[in-house]
Amino acid sequence: MSSRVLGINAAFHDPAAALVCDGRIVAAAEEERFSRRKHGKEPVPFSAWELPQQSARWCLEHAGLAASDLDAVAYSYDPALALVGSDDPLAERWEGLRTLFAQRAPLFLGTALPGLDPARVRFVAHHRAHAASAYASAPFDSCAVLTLDGRGESTSQFAGHVRNGRLEVLHEQRLPHSLGLVYEELTAHLGFQRASDEYKVMALSSYGEPRWLGQMRETMRATGDGGFVAQPLDWSAFAPALGKGAEWNSRHADLATSVQRALEEVVLELAGWLYERTGERRLALAGGVALNCVCNSRLWRDGPFDEVWVQPAAGDAGTALGAAQYVAAELGDHIEPMRTAAVGRGFDGPELEDWLRTAAIAYEHPDDVAEEAADIIARDGVVAWFDGRAEFGPRALGHRSLLADPRHPANLERLNDVKGREQFRPVAPMVLTERAAEIFSGGPIPSPYMLFTHQVAPDWRERIPAVVHVDGTARIQTIDAEREPAVARMLRAFERRTGVPVVVNTSLNTAGRPIVDDPRDALECFGSAPVDALVMGPFIVRRPTSAAALDQRSGAGIAA
Ligand SMILES: [Fe+2]
């Protein structure tokens, strides 16, 4: 079978679309990158009607397809599996509205994508979609698969065994027990945005002691049958609730640490059970909890599996991809593994030059833009780097990045200021794959998707202080020179100038905005943020007022 399947995630949060043709990932993108509304929509039941229209249309346009060319549309939520009683649209907390909107999704999609036959829309259970995004994308023929999130229709976890594309279901944890929802509740208690800012809690957990781990173990624990119990606690008994942006204290950090450790322990037990049941040495992982890179590293270090592959779009956006892969497999296609997360929008040289001309901005076309960027970074400048196709998932992996010198501790503050982020949050290093083991340990290498944390070697901590978290770790991205030649040249050029084969990489966006996606976003970001240069494909735009500041900074900086 040669199928064309469009995947849609719309039920909860992070609406996204993905296109899988002949079993190959052709395009995938989150709606927020088009609408410029962070996370695409509110994570509430009454927003379930909002579809990823722009990203879906782009997927089709990218492949030169009309909606009528699609063999199927895979929607990553099955209303037939919704919580019992929730088919009443007036049910408490509007859960019934989600069910109703999901039931009507074929009609909505037929309107959003003219020419689509609503009968081609298939519902895929939410956790099947998460699971497929992991096992079908991973480079494994056979593996164990585990998904963990806040919730799907009526479950929050899925454990299975995949052998040559055939999926056996081993366990599904029913609500209300949910590791993801416990973490979400804590996120909200600490003054952050639920279903969005969980990684801030993870970052905060590095600052505390697990002094309430005993209590947490009582309320979050594996049950020995592949599942667990996990229900939110009265967090106020441990630390008072925080408003948005309020100062946290050691009690808040200790609470974050206690919950993080308890989560890790449950995940380790679930992985142990799955290992025993499947006998597999490889694990594929997805669901929002799989974005917890501290937990992933603990699983990699202390868990039974030799290899752990995590879907880079492990959150709900990734279910658009997984649903499409799941249905494509049902239609008889062999699913090809994911080779890169860069499956979003891309722009060629002439297109980029048109944008630069339209902006009437001075730009250069140097022999090698990577050398120019490295030179600016080595002189303690910040470079906005826009090149190639946008990444699918929440991480910028060198195509939509802000790059800086890791040798200056002040660069953490500088980048967090550009992005309006809390100062306790770390920025991450990128490093050539072949150099990574000299500096980083305790996590998998290569680690191309920034989904694990590594220990920084003690003699390197003072050399690259901007990327070392308070606990001596760093969330690294390894760069494969064959796959990412321009980024690799930039890293090598930076090392020639400084002796350091590491550069700071954080996503290219300003406070509260989604990651830059198209050239206009890049130019707007450059125009509004204090960065020294913008690389757009083979071109570079320098901020005229930066030259003197760079001379001053590099004069006062660290000698190579
Ligand atoms: Fe999910």
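See above for the structure.
Reading guide: rules and limits
- Residues numbered from 1 in each chain as written.
- Predicted model: local features only at pLDDT ≥ 70, side-chain atom pairs only at ≥ 80, totals over all residues.
- Heavy atoms only, no water.
- Donors = N, O, S within 2.8 Å, 3.2 Å for Na, K, Ca; no water.
- Tetrahedral: all angles 85-135°; square planar, octahedral: opposite > 155°, others 65-115°.
- Helix = DSSP H or I, 4+ residues; strand = E, 2+ residues; numbered from the N terminus.
- Buried < 20%, exposed > 50% of the residue type's maximum accessible area, 1.4 Å probe, protein only.
- Pairing = 2+ DSSP bridges.
- Axes fitted to C-alpha atoms, helices over the stretch in contact; angles between N-to-C directions.
- Core = buried A, V, L, I, M, F, W, Y, C linked by side-chain atoms within 4.5 Å.
- Contact = heavy atoms within 4.5 Å.
- Expected span 1.5 Å × (residues − 1).
- Parallel < 35°, antiparallel > 145°, perpendicular 65-115°, else oblique.
- Left-handed = near helix turned anticlockwise from the far one by under 90°.
- Nonpolar A, V, L, I, M, F, W, Y, C, P; charged D, E, K, R; others polar.
- Polar contact = N/O pair within 3.5 Å; in protein donor to acceptor, adjacent residues only side chain to side chain.
- Phe/Tyr/Trp six-rings, centres within 6.5 Å; stacked < 30°, edge-to-face > 60°.
- Lys NZ or Arg CZ within 6 Å of the ring centre and 35° of its normal.
- Salt bridge = Lys/Arg side-chain N within 4 Å of Asp/Glu carboxyl O.

Caption draft 1: Looking closely at the coordination of the iron ion. For the iron ion, the full set of protein donor atoms is His126 (NE2), His130 (NE2), Asp149 (OD) and Asp316 (OD), and the range of their distances to it is 2.0 to 2.3 Å. Note that the iron ion binds 4 donor atoms; their angles at the metal cover 90 to 168°, and the shape is irregular. Along the chain, the residues donating to the iron ion fall in the pattern H-x3-H-x18-D-x166-D. Placement of the pair is His130 in helix α5 (residues 126-135) and Asp149 in the loop between β6 (142-148) and β7 (155-163), with a sequence separation of 19 residues. You can call His130 buried: its relative accessible area is 0%.

Caption draft 2: Geometry of the sheet that holds β7. Taken together, the 5 strands give an open sheet; going across it, the order is β8-β7-β6-β11-β12, and neighbouring strands pair in mixed fashion. Where the open sheet ends on each side, the last strands, each with one partner, are β8 (166-174) and β12 (307-310). Geometrically, the sheet is characterised by an average inter-axis angle of 20° between neighbouring strands, direction not taken into account. As paired elements, β6 and β7 share 7 bridges and run antiparallel to each other. Bridge pairing in β7 places Val145 opposite Gly160.

Caption draft 3: Molecular detail of the nonpolar core. Ranked by size, the top nonpolar core spans 96 residues in total, and within it Tyr135, Leu179, Met220, Leu255, Val259, Leu274 and Leu283 carry the most contacts. At 13 residues, the largest contribution of residues to this core is made by helix α9 (residues 250-278). Discounting residues that sit within four places of it in the chain, Leu283 has contacts with Phe140, Ala144, Val145, Leu146, Leu274, Leu299, Phe305, Glu307, Val308 and Trp309. Leu432, Ala488, Cys525 and Ala533 belong to the second largest nonpolar core, which has 64 residues in total.

Caption draft 4: The environment of Ala328, seen in detail. Looking at the element boundaries, Ala328 is found in helix α11 (residues 317-330). A C-alpha to C-alpha distance of 7.5 Å links Ala328 and Arg4, two positions 324 residues apart in sequence. The residues touching Ala328, leaving out its near neighbours within four places in the chain, are Ser3, Val5, Val20, Asp333 and Ile335.

Caption draft 5: Region of interest: the pairing of strand β22 (residues 539-542). Bridge count between strand β21 (residues 533-536) and β22: 4 bridges; the pairing is antiparallel. By the bridge assignment for β22, Ala533 is matched with Arg542.

Caption draft 6: Region of the structure containing α11. With 14 residues, α11 extends 21 Å between its outermost C-alpha atoms, agreeing within 8% with the 20 Å of an ideal straight helix rising 1.5 Å per residue. When you tally the buried positions in α11, you get 12 out of 14 residues, the bulk of the element. Of the residues making up α11, those classed as buried are Ala317, Gly318, Thr319, Ala320, Leu321, Gly322, Ala323, Ala324, Gln325, Tyr326, Val327 and Ala328.

Caption draft 7: Quick peek at helix α3 (residues 95-103). Residues of α3 that are buried: Glu95, Gly96, Arg98, Thr99, Phe101 and Ala102. Of the surrounding elements, those touching the buried residues of α3 are β4 (72-75), α4 (105-112) and β5 (121-123).

Caption draft 8: View of the packing of helix α12 (residues 349-358) against helix α18 (residues 519-528). In contact at an axis separation of 10 Å, α12 and α18 are set at 45° when each is read in the N-to-C sense. The orientation of α12 with respect to α18, classified from their angle, is oblique. Note that α12 runs across α18; the crossing there is right-handed. Of α18, the residues touching α12 (which contributes Leu352, Trp355 and Leu356) are Pro519, Arg520 and Leu523. In terms of residue class, the contact of α12 with α18 is made up of 5 nonpolar, no polar and 1 charged.

Caption draft 9: Representation of the side chain of Ser76. Counting through the fold element by element, Ser76 comes out in the loop between β4 and α3. Residue classification places Ser76 among the buried residues on the basis of a relative accessible area of 1%. Engagement of the side chain of Ser76 in a polar contact is seen with the side chain of Asn9, the distance being 3.3 Å. Side chain to side chain, Ser76 and Thr319 meet in a polar contact 2.8 Å long.

Caption draft 10: Geometry of the sheet that holds β5. Taken in spatial order, the 5 strands make up an open sheet running β3-β2-β1-β4-β5, and their pairing is mixed. Each edge of the sheet is formed by a strand with only one pairing partner; in this case those strands are β3 (24-30) and β5. Neighbouring strand axes in the sheet, compared pairwise and without regard to direction, differ in orientation by 20° on average. Against the sheet, helix α2 (residues 53-63) makes contact with β1 (4-9), β2 (16-21) and β3, and its axis sits at roughly 145° relative to β3, the strand it touches most.

Caption draft 11: Main features of the packing of aromatic side chains. All told, the structure shown has 10 aromatic pairs when counted by the stated rule. When the centroid spacing of 6.1 Å and the interplanar angle of 40° are considered together, the rings of Phe34 and Trp58 count as tilted. Placement of the pair is Phe34 in helix α1 (residues 32-35) and Trp58 in helix α2, with a sequence separation of 24 residues. Comparing Phe34 with Trp58, the two get one shared label, buried. The aromatic ring of Phe34 is capped on one face by Arg345, whose charged end is 4.1 Å from the ring centroid. Across the ring face of Trp460, the terminal group of Arg463 is positioned such that the distance to the ring centre comes to 4.1 Å.

Caption draft 12: Main features of the environment of Ile479. Inspection of the secondary structure puts Ile479 in strand β19 (residues 477-479). Residues Ile479 and Arg435 lie 44 residues apart in sequence; the distance between their C-alpha atoms is 9.6 Å. Once residues lying within four places of it in the same chain are set aside, the contact partners of Ile479 are Met430, Val431, Leu432, Thr433, Glu484, Val487, Ala488 and Leu491.

Caption draft 13: Up close: the packing of α9 against helix α10 (residues 293-302). Viewed as axis vectors pointing N to C, α9 and α10 meet at an angle of 45°, and their least axial separation amounts to 10 Å. With respect to each other, α9 and α10 are oriented oblique. The interaxial crossing formed by α9 with α10 has right-handed handedness. Every residue of α10 that contacts α9 at Gln260, Arg261, Leu263, Glu264, Glu265, Val267, Leu268 and Ala271 is listed here: Val294, Cys295, Arg298, Leu299 and Asp302. Of the residues belonging to the contact of α9 with α10, the class tally is 7 nonpolar, 1 polar and 5 charged.

Caption draft 14: Spatial organisation of the pattern of salt bridges. Counted under the stated rule, the structure contains 34 salt bridges. Salt bridges linked by common partners bring Glu371, Asp375, Arg379, Arg496 and Arg497 together as one network.

Caption draft 15: Molecular detail of unusual backbone geometry. Leu175 connects to Pro176 through a cis peptide bond whose omega is 10°. Omega for the peptide link from Ile445 to Pro446 comes to 5°, which places this bond in the cis form. Even without being glycine, Asp380 reaches a positive phi, approximately 70°. If you trace the backbone, Asp380 turns up in the loop between α13 (369-378) and β13 (383-386). With a phi close to 60°, Met450 is a non-glycine residue in the positive phi region.

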